[in-house]
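For reference, the chains in residue letters:
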Amino acid sequence: MTDLIFHDSTKKGIRAFIAHPSHAVLLVGPAGAGKETVARHIASELLKTSLEKLAAYPYLSVVTSEDSKSIGIDEVRELQHFASLKIPRSGQYNRIIIIGNAHRMTQEAQNALLKLIEEPPEATLIVLTTPAQQALLPTITSRCQLITIHPLEESQAMDYFRNRGHNATQLQRAWLISGGLAGLMSALLVADSEHPLVQAAATARELLQTDAFERLVRVDELSKQPANTMRDVLLVLQQMARIALARPASSAVRGKWQSVLQGSYDTITALDKGAQAKLALTNLMLNL
């Protein structure tokens, strides 16, 4: 773990799992926490290979959801076929299956995966990642070892990224937006514009820097975005508000950030209950 950064509690969980691994592990943490990095780190450690060489490892299969699409039964059946192939035995684990955003599996796909987890092939490790443990079947989560990916401490994050050449202004901005989510903070600092949360952070900043009229003009455009895209923006707004509220500030500034936090939370709740996106976003823009 010398070149990777994890919260101390996360680090202990990873080390404990690597020392005594089971056939399935569930990595739980918010979007941007670095769950995919942790999954690949665990795989590289158990396979005794470097992260650089992991991508070319022949007995690694990675499935994840792109553009908020569901992971269906066909993808899981492909994993079942992959897990049934005979492979050379060279260690305790030498075949790895990683399912990113496992909460996006359909019910049918989850039931199919359950069979694989209940009767895992020899020397096969299954790694699942999700922001919410409750989004998976209890019969799946109960058969997985759990590792929670915690946000970083501020001093820890600042020291780590400062030693990699980032200045104080860059660090403060990235910290304010990421709230200690290692994956998001790293993406912000290396200007990884392809990372969906970096794009969400840019949208969140734009919304906070414009007046109510300009925000309302954008409602129609934002309401047409994929549901997960707007949800990422709302999650970033929440992160920014929580970090700002944790610092000393005037009552007026605190009142503004409390409105941002409450508004983003209420919008997510409304969308989850099936509210019309345009109406929910209009209410948010009026309260930012």
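Residues numbered from 1 in each chain as written. Predicted model: local features only at pLDDT ≥ 70, side-chain atom pairs only at ≥ 80, totals over all residues. Heavy atoms only, no water.

Draft legend 1. Molecular detail of the overall build of the chain. Summing up its helical and strand segments, the chain has 15 helices and 5 strands in all. In terms of overall size, the chain behaves like a compact globule, its C-alpha atoms giving a radius of gyration of 20 Å where 288 residues would be expected to give roughly 19 Å. Considering only C-alpha atoms, the chain reaches an extent of 65 × 45 × 30 Å along its principal axes. Going through the 288 residues of the chain one by one, you find that 45% of them count as buried. Restricting the contact set of the chain to residue pairs at least 6 apart, pairs at least 24 apart contribute 71%. Accessible area of the chain: about 14700 Å², with a carbon and sulfur share of 51%. (Helix = DSSP H or I, 4+ residues; strand = E, 2+ residues; numbered from the N terminus. Rg over C-alpha atoms; globule rule 2.2 N^0.38 Å. Buried < 20%, exposed > 50% of the residue type's maximum accessible area, 1.4 Å probe, protein only. Contact = heavy atoms within 4.5 Å. Areas by Shrake-Rupley, 256 points an atom, 1.4 Å probe, with all protein chains shown as cover.)

Draft legend 2. Local environment of the packing of aromatic side chains. Tallying each qualifying case throughout the model produces 2 aromatic pairs. Seen in terms of ring centroids, tyrosine 57 and tyrosine 59 are 5.7 Å apart; in terms of plane orientation they differ by 85°. Their pairing is edge-to-face. Relative accessible area serves as the criterion here: at 25%, tyrosine 59 is assigned to the partly exposed category. Measuring from centroid to centroid gives 4.9 Å for tyrosine 160 and phenylalanine 161, while their planes differ by 90°, and the two rings are edge-to-face. With respect to burial, tyrosine 160 and phenylalanine 161 carry one shared label: buried. The residue whose ring lies beneath arginine 164 is tyrosine 160, and the NZ or CZ to ring-centre distance is 3.7 Å. Just above the ring of tryptophan 257 sits the side chain of lysine 256; from NZ or CZ to the centre is 5.5 Å. (Phe/Tyr/Trp six-rings, centres within 6.5 Å; stacked < 30°, edge-to-face > 60°. Lys NZ or Arg CZ within 6 Å of the ring centre and 35° of its normal.)

Draft legend 3. Structural detail: the pairing of strand E1 (residues 24-28). For E1, a buried count of 5 out of 5 residues is recorded, marking the element as mostly surrounded by other parts of the structure. Of the two faces of E1, the one holding Ala24, Leu26 and Val28 and the one holding Val25 and Leu27 are both buried throughout. Looking at chain direction, E1 and strand E4 (residues 124-130) are connected through 5 bridges and run parallel. Across the sheet, residue leucine 26 finds its bridge partner in E4, namely leucine 128. The pairing of E1 with strand E5 (residues 145-148) spans 4 bridges and is classified as parallel. When the bridges of E5 are listed, valine 28 appears paired with threonine 148. (Pairing = 2+ DSSP bridges.)

Draft legend 4. Highlighting unusual backbone geometry. If you check the backbone angles, lysine 48 has positive phi at about 55° while not being a glycine. Within the secondary structure layout, lysine 48 lies in the loop between helix H2 (35-47) and helix H3 (51-54). Judged by relative accessible area, lysine 48 falls into the exposed class, the value being 75%. Positive phi is not limited to glycine here, since alanine 123 has a value of about 65°. Here alanine 123 lies in the loop between helix H5 (107-118) and E4. Using a relative accessible area of 9% as the deciding quantity, one classes alanine 123 as buried.

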